[in-house]
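# Topology and contacts: notes
Here's the letter readout for the chains.
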Amino acid sequence: MKNSPLILLATMLLSGTAHAQAPLTVPAPVKKSLDQVQPAAIKAHIAYLADDRLKGRQPGTEGYQMAVDYVTKQLKDLGVQPAGEGGTYLQKVQLRKALLKPGATFTLREAQAAAPLTAGQDYVIYPSPELPATTVADAPLAFAGFGISAPELGYDDYAGLDVKGKVVVIVRGAPRTFASTVAAASQDLSGILQAATQRGAVGLIVASTRAGALPDLKRGTYSVLGANGKVAASRSFAVGSRQQLYAAVSAATLQRLMQGAGLDTAQVFATIKGGKPASAPLKTAVSARGESTYQDIESYNVVGKVTGSDAKLRSEYVVHSAHLDHLGITAPVKGDSINNGAHDNASGVSCVLEIAKVYSRLKEKPKRSMLFVFMTGEELGLLGSAAFAANPTVPKASIVADVNMDMPTIIAPLLSVVALGGQHSTLLEPVKQAAAYMGIALEQDPEPEQNRFIRSDQYNFVTAGIPALHIKYGNKTADGKNNLSEEVQKWRAVTYHKPQDDINGLFDFEAGKKYVQLCFLIGYQVAQNPVRPTWNKGDFFGQRYGSR
């Protein structure tokens, strides 16, 4: 895979060794509007959205509704048309919070003897978002490696493994032979759950590979409900299944299971990382029982549009997206409990609003229509974008691309960027053109292990068959050290998903201006090009999810 034509082509494009296109020409009215982007306006949006009064913008709260009202007013004041449901700017998203009732049980039986286990230390059971009561009784376990079924890549953890009526045990990861974005997509939990249940498994157990890494489920899990009241999107439940168990076990518990089946854990891990499945039935059965309670929450995506100028192409849409929600109020860190989410993602919302403002100043609109979508529930598992991508407020087949803005990390001059997902479609070309026009370098992802391609809202557009991008910072720095990713990691360690991410933190609003201009130019080129973006020939995502 490392030396496939697709990867070589992406490398050529990013390094500039492929055939160069003519430089981007920006019409004078567009340049004039772009030049009017104000860093102070970006700051003002962030300051409001990250104010303590909004209490962290958790979906279903008054603070989130304040954010919805703010964005709606901004769009209305700009003359951006409503593109939600019923002539409004809103799309309702029904979220379900699920909690496990006390008294759940989880027992492993090895050779007729029950293995003693401690909840929270050896295992955790996830609540079911759709089935109020779930039970498995003496279900055999089967180890299925990473839980990946990708025969098109020459790898299938389920090849020759019977899991019907069993509970599948997996570890997180992907073969090192997979390209980084493909590896990230292969670890998407919703896909892993579907792969297991489609083969007849009754449940899935995710085993940790390091000590003390079990998830804390005190705040519950979240899913999206469809109009029929059934789960429509979830990262803990296979949609359309009767999945009876989803659980996590500790590294020590996994080691015990592997040893009981006579398997060398280190050797198995080395084999699957090397790209060869090592699946096997285990000599242990599981019995588990649980009951779940629910809190259904009404939340909203905000959607506005600028109608295109071309009689034919105006019926197609280019999306600029950003998530509006954050974590709300949590346990105090350094005396503060409000997670303001200034960078994550008031900054991305601000950038989309300023892109909309650039369009509002143009007398001649682009040929295609522009859609500005502000998502709920990203922090709960990309749920608002899952709801929108599955049932958009415009015909799904009319959406040609998504350019997503999530935590652009405007803490230093924007000298280089990474186009996450760009190597998979023709969207890379407008990124190259926009970056060259602005004198911004285009780089490979300096942190592929972060799996960012599947960790934000653009991924739900990808799985809906829509080419999409996530534009992130690169490594280039003004002092020539070119180590921005290292500096970002230090900064993230004290701010990311913490109350310290507020307006008083580190910002470079001039970098925000350049980010707005860059993302505008990417979307504008797509809107002007009569040819729709397409997946590259033979691309993994194009083959798996296709085009509409």
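Residues numbered from 1 in each chain as written. Predicted model: local features only at pLDDT ≥ 70, side-chain atom pairs only at ≥ 80, totals over all residues. Heavy atoms only, no water.

### What to know about the overall build of the protein
Of the regular secondary structure elements, the protein holds 15 helices and 22 strands. For the protein, whose C-alpha radius of gyration is 24 Å, the value lies close to the compact-globule estimate of 24 Å for 548 residues. Here the C-alpha coordinates of the protein stretch approximately 80 × 50 × 50 Å along the principal axes. The buried share among the 548 residues of the protein stands at 57%. On the protein, roughly 21800 Å² of surface is accessible, and the fraction owed to carbon and sulfur atoms is 52%. Each charge class in the protein can be summarised by its mean position, and for the 56 positive and 46 negative side chains these summaries are 3 Å apart. (Helix = DSSP H or I, 4+ residues; strand = E, 2+ residues; numbered from the N terminus. Rg over C-alpha atoms; globule rule 2.2 N^0.38 Å. Buried < 20%, exposed > 50% of the residue type's maximum accessible area, 1.4 Å probe, protein only. Areas by Shrake-Rupley, 256 points an atom, 1.4 Å probe, with all protein chains shown as cover. Lys, Arg positive; Asp, Glu negative; His and termini not counted. Charge placed at Lys NZ, Arg CZ, Asp CG, Glu CD.)

### Side note on the packing of helix α3 (residues 39–49) against helix α9 (residues 342–360)
Working note: a packed helix pair is described by the angle between its axes plus the distance between those axes. For the pair α3 and α9, interaxial distance at closest approach is 8 Å and the crossing angle is 135°. Judged on the interaxial angle alone, α9 and α3 are oblique. Relative to α9, the crossing made by α3 is right-handed. Between α3 and α9, the residues in contact are Ala41, Ile42, His45, Ile46 and Leu49 and Ala342, Ala346, Ser347, Val349, Ser350, Leu353, Glu354 and Lys357, respectively. Each residue belonging to the contact of α3 with α9 can be placed in one class, and the counts come to eight nonpolar, three polar and two charged. (Axes fitted to C-alpha atoms, helices over the stretch in contact; angles between N-to-C directions. Parallel < 35°, antiparallel > 145°, perpendicular 65-115°, else oblique. Left-handed = near helix turned anticlockwise from the far one by under 90°. Contact = heavy atoms within 4.5 Å. Nonpolar A, V, L, I, M, F, W, Y, C, P; charged D, E, K, R; others polar.)

### Here's the deal with the layout of surface pockets
Here the second largest pocket is characterised by a volume of approximately 1100 Å³. Residue lining of the second largest pocket: 44 residues in total, with Ser190, Ala232, Ala233, Asn460 and Thr463 positioned closest to the centre. In terms of residues, the lining of the second largest pocket owes the most to one element, helix α6 (residues 189–198), which gives six residues. (1 Å grid on protein atoms, 1.4 Å probe; cavity = no way out; pocket = protein on both sides within 12 Å on 5 of 7 lines; lining within 4 Å. Points joined across faces, edges and corners; volume = space filled by probe spheres on them.)

### Quick notes on the packing of aromatic side chains
Overall, the coordinates contain 14 aromatic pairs when judged by the stated rule. With a centroid separation of 6.5 Å and 15° between ring planes, the pair formed by Phe541 and Tyr545 is classed as stacked. In this pair, Phe541 and Tyr545 both sit in helix α15 (residues 540–545), four residues apart, roughly one turn of the helix. Through successive ring pairs, a cluster of aromatic residues spans Phe453, Tyr459, Trp535, Phe540, Phe541 and Tyr545. (Phe/Tyr/Trp six-rings, centres within 6.5 Å; stacked < 30°, edge-to-face > 60°.)

### With respect to the side chain of Arg96
Among the structural elements, Arg96 can be located in strand β2 (residues 90–100). A polar contact is formed between the side chain of Arg96 and the backbone oxygen of Pro129, at a distance of 3.0 Å. Polar contacts involving the side chain of Arg96 include one to the side chain of Asp296, which spans 2.8 Å. Each residue touching Arg96, except ones within four places of it in the same chain, is listed here: Pro129, Glu130, Thr221, Tyr222, Ser223, Leu225, Tyr294, Gln295 and Asp296. (Polar contact = N/O pair within 3.5 Å; in protein donor to acceptor, adjacent residues only side chain to side chain.)

### Considering helix α11 (residues 428–438)
For α11, a buried count of eight out of 11 residues is recorded, marking the element as mostly surrounded by other parts of the structure. Among the residues making up α11, those that are buried are Leu428, Pro430, Val431, Lys432, Gln433, Ala434, Ala435 and Met438. Following α11 by one or two positions, Gly439 adopts a phi angle in the positive range, close to 70°.

### A short note on the pairing of strand β22 (residues 468–473)
Summarising burial for β22: six of the six residues are buried, a large majority. Pairing of strand β19 (residues 399–404) with β22 involves three bridges; the strand directions are parallel. Its bridge partner being in β22, Asn404 is matched across the sheet by His470. By the bridge criterion, four bridges tie strand β20 (residues 416–420) to β22 in an arrangement that is antiparallel. In the strand pairing of β22, Val418 is matched with Lys472. (Pairing = 2+ DSSP bridges.)

### Description of the pairing of strand β17 (residues 336–339)
Taken together, the three bridges between strand β16 (residues 328–333) and β17 define a ladder with antiparallel strand orientation. Of the residues in β17, the one forming a bridge with Gly328 is Asn339. Taken together, β16 and the strand that follows it, β17, pair antiparallel across an intervening segment of two residues, in which Lys334 is found at a positive phi of about 55°.

### Regarding the packing of α3 against helix α14 (residues 509–528)
Here α3 crosses α14 at 100°, and the two axes come no closer than 8 Å. Between α3 and α14, the angle is such that the two are roughly perpendicular. The segment α3 lies against α14, with Pro39, Ile42, Lys43 and Ile46 engaging Phe509, Glu510, Gly512, Lys513 and Val516. Residue composition of the contact of α3 with α14, grouped by class: five nonpolar, one polar and three charged.

### Structural notes on empty space enclosed by the protein
With the rule as written, the count across this model stands at two cavities of 30 Å³ or more. Approximately 80 Å³ is the volume attributed to the largest cavity. Residue composition of the lining of the largest cavity, by class: eight nonpolar, six polar and no charged. Of the pockets and cavities examined, the second largest cavity occupies roughly 40 Å³. Together, Val418, Leu420, Asp445, Pro446, Glu447, Arg452, Lys472 and Tyr473 line the second largest cavity. Counting only elements with at least two residues in the lining of the second largest cavity, the list comes to β20 and β22. Of the residues that constitute the lining of the second largest cavity, the class distribution is four nonpolar, no polar and four charged.

### What about the environment of Gly274?
Counting through the fold element by element, Gly274 comes out in the loop between α8 (265–273) and β14 (280–306). Residue Gly274 is classed as partly exposed on the basis of its relative accessible area of 40%. When residues no more than four places from it in sequence are discounted, the contact partners of Gly274 are Arg176 and Thr177.

### A few points about the confidence of the model for the protein
Overall, the predicted model of the protein reaches an average pLDDT of 94, with 96% of residues at or above 70. This model gives residues 1–19 a pLDDT under 50, and the stretch forms 26 contacts once residues within four places in sequence are excluded. (pLDDT = per-residue confidence, 0-100.)

### Focus on the pattern of salt bridges
Within the structure shown, the criterion is met by 16 salt bridges. Residues Arg96 and Asp296 are paired through a salt bridge, measuring 2.8 Å at the closest nitrogen-oxygen approach. Here Arg96 is found in strand β2, whereas its partner Asp296 is found in strand β14, with 200 residues between them in sequence. Glu487 is the salt-bridge partner of Lys490, the closest N and O atoms lying 3.5 Å from each other. Of this pair, Lys490 and Glu487 both sit in helix α13 (residues 484–495), three residues apart, which is roughly one turn of that helix. Classification of Lys490 by relative accessible area gives exposed; the value is 55%. A cluster of three or more residues bridged by salt bridges with shared partners is formed by Glu316, Arg368 and Arg532. (Salt bridge = Lys/Arg side-chain N within 4 Å of Asp/Glu carboxyl O.)

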